[in-house]
Amino acid sequence: MKKVSNVIPEKSNKMYEEFISTRVLNDKDIIDFIQVNNFTKEDIYNNLEKFYQYYISKDASLDLNHKPKLSLNNGEVNITYTETEQYKQYRLASQLGNKIKTEYIANRILTYSFENLSKTKEKGLLARELIRGCNDILENKSKKGAYIYGATGTGKTFLLGCVYNYLKRNGKQPAIIYYPEFIRKIKSRISNNDYTEYVDIIRTQEILLIDDIGAENTTDFIRDEILGPIINYREAEKLPTFFTSNLSYDDLLEFVSTSNNKVDYTKAVRIVDRIKSLTNPYFLDGENEREYY
């Protein structure tokens, strides 16, 4: 590879040499490296290009994700790049976020689609409404999700899986959680006080699907520190959110208000009112079809 100084015009070459002498060779890290490795003038001259590359690559505006480091191997100066701590935390958080998107849901639900939906009249009409709602979200016409409620086994979770795959096939990356399992995992992290990261990741998802809300074992802590912050954030930011439940809005209010043999309607009303603001309600009636799924 040709040296920079061999291919640039003479005028530019003088500017380059001045830059080397006034900037590069006065860089503290380069000075320390030269001194630690007992470089002679000849060693410095032979590695000017590397020192120049190193100096330029330290410019944070060029790469905020990695930082350069000089090393010496068999008499040759090399530059290695390591992640900045900020980027490492971002990458790990992104990996965790991607994992959490589907960690708390059965894998089979991720395969459901409207094409495979049992063709009862009521379910077909509801599927049409859900598709219309998804299209409104995709086209930025609305931010409203859905609250699908009804008896056990009528196909609410199947419909939620259909919504998940419809949105995903259309370019979105929704998160879907089975809420009782999510709460169980959160409880296991309370003692280490690292549950908040999971709550923050879930509540900030662009589109969130929550299956079987109201089936969890609730406490004041679960209501006030887990469910409340998730719902409050999503309602404030108008983020599309879908729910399934065995409970109607009114039944959910009763459920959320009572925990540890205490009743707190004020906090429960705030949460349920925000769920109402986020969703359109759909009652799903019918026979138990769980054996078919």
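Anything mentioned here points back to the structure above.
Residues numbered from 1 in each chain as written. Predicted model: local features only at pLDDT ≥ 70, side-chain atom pairs only at ≥ 80, totals over all residues. Heavy atoms only, no water.

Participant: Honestly, a nonpolar patch on the surface in this entry has me stumped. Any pointers?
Facilitator: A contiguous nonpolar patch, built from Val263, Tyr265 and Val269 and spanning about 250 Å² of accessible area, is present on the exposed surface. Here Tyr265 is to be found in helix α13 (residues 265-278). On the accessibility criterion, Tyr265 (39% relative accessible area) is partly exposed. (Patch = residues over 30% accessible without salt bridge, like charges linked within 9 Å, V, L, I, M, F, W, Y side chains within 5 Å. Areas by Shrake-Rupley, 256 points an atom, 1.4 Å probe, with all protein chains shown as cover. Salt bridge = Lys/Arg side-chain N within 4 Å of Asp/Glu carboxyl O. Helix = DSSP H or I, 4+ residues; strand = E, 2+ residues; numbered from the N terminus. Buried < 20%, exposed > 50% of the residue type's maximum accessible area, 1.4 Å probe, protein only.)

Participant: Could you clarify how one ought to interpret unusual backbone geometry in this entry?
Facilitator: Glycine aside, residues mostly have negative phi angles, and peptide bonds mostly take the trans form. Phi is positive for Asn140, close to 60 degrees, though the residue is something other than glycine. Using a relative accessible area of 59% as the deciding quantity, one classes Asn140 as exposed. Of note in this structure, Lys238 is not a glycine but carries a positive phi near 55 degrees. Classification of Lys238 as partly exposed rests on a relative accessible area of 43%.

Participant: Explain the packing of helix α9 (residues 179-189) against helix α10 (residues 195-203) here, please?
Facilitator: Geometrically, a packed helix pair is captured by the angle between its two axes and the distance between the axes. Packing of α9 against α10 brings their axes to within 8 Å, and their N-to-C directions diverge by 145 degrees. When α9 is examined against α10, the residues Phe182, Ile186 and Arg189 are found in contact with a partner set consisting of Tyr195, Tyr198, Val199 and Ile202. Split into classes, the residues belonging to the contact of α9 with α10 amount to 6 nonpolar, no polar and 1 charged. (Axes fitted to C-alpha atoms, helices over the stretch in contact; angles between N-to-C directions. Contact = heavy atoms within 4.5 Å. Nonpolar A, V, L, I, M, F, W, Y, C, P; charged D, E, K, R; others polar.)

Participant: How do you make sense of the nonpolar core when you look at a structure like this?
Facilitator: Residues Tyr179, Phe182, Ile213, Ile226 and Ile275 are the most contacted members of the largest nonpolar core, which totals 31 residues. The set of elements that each furnish at least two residues to this core consists of β4 (175-178), α9, α10, β5 (208-211), α11 (220-237), α12 (249-257) and α13. Contacts of Ile275, omitting those with residues within four sequence positions, involve Tyr147, Ile213, Ile231, Phe243, Tyr249 and Leu252. Counting residues in hydrophobic clusters, the runner-up holds 26 residues, among them Phe158, Cys162, Val163 and Ile207. (Core = buried A, V, L, I, M, F, W, Y, C linked by side-chain atoms within 4.5 Å.)

The quantities given are spatial measurements derived from coordinates; they are silent on function.
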